[in-house]
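Coordinates in review
Residues per chain are reported as follows:
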Amino acid sequence: MSHHVGLILKKGRSGGSIAAEPETAESTSAGVRDEPAVTSADDVVTEVDDEPVTRERVRERAPKRKSRFLSRQELAQRPEPQWLVERLIPEYGIGQLFGPTYGGKTYAAIDLVMRITTGMGHWIGHTIKLSGPVFYVLMEGGFDFGKRLDAWELRYGRTSDELYVMVEEELNLADAESLEQLAEDVTAVSSTPRLLVIDTQSLAISGVEENDNTGMNEVMQKLKRLSKALGCFVLLVHHTGYATEDRGRGASAQPAALDTIIRIKGSDKDGRKISVPKVKAGREIRDLDFRLEEQRNGWPAFVELSVGDALLQNMSNEDKIIRYLKWNGPLSPPQIADGIDGIAESTARNTCAAMADPEKCPRGEKPKLVIVQVKGRSKFYDIADHLKDADAPDPADL
């Protein structure tokens, strides 16, 4: 009487020998395995109805798996990469937006996601190629995130039905099960996500030392797999490094694993700038100026500055007033304050008075302003004759 017998083959610790462990149903009468004799595990893998099957026959019968290596011709036929934001953010991959505390990195991220979800055409000068659902994982700051979104909507007059926010829920990017749950949360809402934002990176890597290259590389590899599985780009919001503001905080191996790096730097006092020092297969961007502009609800919104706006932002109060009077004067300090953002009436009054006072001019220089009229307590200023022929940009050209 023959029986079907399967053999489990195991390599020995030396790697050279293979030990065969018989596996079959136990006899119902004696409780002992009923096995055919096996002379050599090197010659026989299994027996089915007493017919030996050699390793060669197993290889022949095994399904052929296509190699993951591509020929030169197959490589040439691969489709061109698609862009979420042209030459800036690819359709899928991982990136990092980093900056100092209070630098405006979350406001910049909000501006990006709102433009993608509302169908706006550009972000920091680049065409948005794909619009659609964006998922924002907020690890901190849930108490005011809604106010920040309100400020953006007040500034741009648009609202979004395709932004989904996870507020201060548990997430560990180093844990496969946690990432699987995150993927399920995303796909339960949309099968075509465009962007997944994690804000901030440091709060989402529990148990991983952020300065450890090995640990952070493992996190990055998991995120690459997540990005491919979801078919969307994953953007990490992160903090500037302690020793340098040229890269994100933590492991030095991070930049090599990232497809796009976006840097925020500066302040209201020094001027805020955004740049893109790394884009794989794209185009790097030098510093672009932006400001955080306060809205009616008391919260600011990210605003890109035009060349003219940037010029004004980097001017001193004296230069701003001179420029404004050249095209609009003569004016009183209250009128100057109404016409120039960021200059209060008291500032305008004191600055104009100083520029019109010969005693306060640097040695060898003439006053830059003159008082052309006095009405009651109001003085009207205009630029001095020696400045009227000086070159100054026409506001219409800025």
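If you're wondering where the values come from, they're calculated on a predicted model, not measured in any experiment.

**Brief notes about the layout of surface pockets**
The volume enclosed by the second largest pocket comes to roughly 460 Å³. In this structure, the second largest pocket is lined by 16 residues; those nearest its centre are Arg78, Pro81, Gln82, Pro90 and Tyr92. By residue number, the principal contributor to the lining of the second largest pocket is helix α6 (residues 213-230), which donates 3 residues. Taken together, the residues that form the lining of the second largest pocket break down as 6 nonpolar, 3 polar and 7 charged.

**Topic: the packing of aromatic side chains**
By the definition in use, this model includes 4 aromatic pairs. When the centroid spacing of 5.2 Å and the interplanar angle of 20° are considered together, the rings of Phe135 and Tyr164 count as stacked. A residue pair is termed long-range when its members are at least 10 positions apart, and Phe135 in strand β10 (residues 134-138) and Tyr164 in strand β11 (residues 163-167) qualify at 29 residues. The buried category is assigned to Phe135, whose relative accessible area is 7%. Note on Tyr164: relative accessible area 32%, which makes it partly exposed. On the numbers, 4.9 Å between centres and 50° between planes, the contact of Tyr136 with Phe145 is tilted. With relative accessibility at 1%, the residue Tyr136 sits in the buried group. By relative accessible area, Phe145 is classed as buried at 5%.

**Overview of the sheet that holds strand β15 (residues 271-279)**
Ordered by their spatial adjacency, 9 strands build an open sheet running β11-β10-β12-β13-β7-β14-β15-β16-β17, and the pairing between neighbours is mixed. Looking at which strands have only one partner, the edges of the open sheet turn out to be β11 and β17 (300-304). Within this sheet the neighbouring strands show an average axis-to-axis angle of 20°, counted without direction. Pairing of strand β7 (residues 93-99) with strand β13 (residues 233-239) involves 7 bridges; the strand directions are parallel. Within β13, the residue paired with Gly95 across the bridge is Leu235. Strands in contact with helix α4 (residues 145-156) are β10, β11, β16 (285-294) and β17; relative to β17, the strand with the most contacts, it is inclined by about 45°.

**A closer look at the environment of Ala353**
Structurally, Ala353 can be placed in helix α11 (residues 345-356). Classification of Ala353 as partly exposed rests on a relative accessible area of 37%. Considered as a pair, Ala353 and Tyr381 are 28 residues apart in the sequence and their alpha carbons are 8.9 Å apart.

**Quick look at the pairing of β7**
Strand residues, when the strand is regular, have side chains that alternate between the two faces of the sheet. Counted residue by residue, β7 has 7 buried out of 7 residues, so it is predominantly covered. Alignment of β7 against strand β14 (residues 260-267), held across 4 bridges, turns out to be parallel. Residue pairing in the sheet places Gly95 in a bridge with Thr260 of β14.

**Some points on the nonpolar core**
By size, the foremost hydrophobic cluster in this structure holds 41 residues, and its most contacted members are Leu88, Tyr136, Leu195 and Ile274. A total of 8 residues in this core trace back to one element, the largest contributor, which is helix α3 (residues 105-118). Aside from chain neighbours lying at most four places away, what touches Leu195 is Leu84, Leu112, Val113, Ile116, Pro133, Val134, Phe135, Cys232, Phe233 and Leu235. Among the nonpolar cores identified, the runner-up in size contains 30 residues, and Ile94, Met220, Leu236 and Ile261 belong to it.

**Remarks on the environment of Phe145**
Turning to its location among the elements, Phe145 is positioned in helix α4. Taking the C-alpha atoms as reference, Phe145 lies 9.7 Å from Tyr107; in sequence the two are 38 residues apart. Not counting chain neighbours up to four residues away, the residues in contact with Phe145 comprise Thr106, Ile110, Tyr136, Leu138 and Val165.

**Examining the pattern of salt bridges**
When the charged atoms of two side chains lie near each other, side chains of opposite charge can form a pair. All chains considered together, the criterion is met by 13 salt bridges. Put simply, Glu74 and Lys66 hold a salt bridge, and the shortest N to O gap is 3.5 Å. Taking relative accessible area as the criterion, Lys66 reaches 60% and is therefore assigned exposed. With its nearest N and O atoms 2.8 Å apart, the salt bridge here joins Glu293 to Arg155. Here Glu293 is found in strand β16, whereas its partner Arg155 is found in helix α4, with 138 residues between them in sequence. Judged by its relative accessible area of 21%, Glu293 is partly exposed. Through salt bridges with shared partners, a single ionic network connects Arg155, Arg291 and Glu293.

**What to know about the packing of helix α9 (residues 317-328) against α11**
Running from amino to carboxyl end, α9 crosses α11 at an angle of 85°, the nearest separation of the two axes being 10 Å. In terms of their interaxial angle, α9 and α11 are classed as roughly perpendicular. Residues Asn317, Glu318, Ile321 and Ile322 of α9 touch α11, and the partners they reach there are Thr347, Ala348, Thr351, Cys352 and Met355. Class assignment for the residues of the contact of α9 with α11 results in 5 nonpolar, 3 polar and 1 charged.

**Focus: the side chain of Ser275**
Inspection of the secondary structure assignment puts Ser275 in strand β15. Judged by its relative accessible area of 3%, Ser275 is buried. The contacts of Ser275, once residues within four sequence positions are left out, are Ile261, Ile262, Arg263, Ile285, Arg286 and Asp287.

Calculation notes
Residues numbered from 1 in each chain as written. Predicted model: local features only at pLDDT ≥ 70, side-chain atom pairs only at ≥ 80, totals over all residues. Heavy atoms only, no water. 1 Å grid on protein atoms, 1.4 Å probe; cavity = no way out; pocket = protein on both sides within 12 Å on 5 of 7 lines; lining within 4 Å. Points joined across faces, edges and corners; volume = space filled by probe spheres on them. Helix = DSSP H or I, 4+ residues; strand = E, 2+ residues; numbered from the N terminus. Nonpolar A, V, L, I, M, F, W, Y, C, P; charged D, E, K, R; others polar. Phe/Tyr/Trp six-rings, centres within 6.5 Å; stacked < 30°, edge-to-face > 60°. Buried < 20%, exposed > 50% of the residue type's maximum accessible area, 1.4 Å probe, protein only. Pairing = 2+ DSSP bridges. Axes fitted to C-alpha atoms, helices over the stretch in contact; angles between N-to-C directions. Contact = heavy atoms within 4.5 Å. Core = buried A, V, L, I, M, F, W, Y, C linked by side-chain atoms within 4.5 Å. Salt bridge = Lys/Arg side-chain N within 4 Å of Asp/Glu carboxyl O. Parallel < 35°, antiparallel > 145°, perpendicular 65-115°, else oblique.

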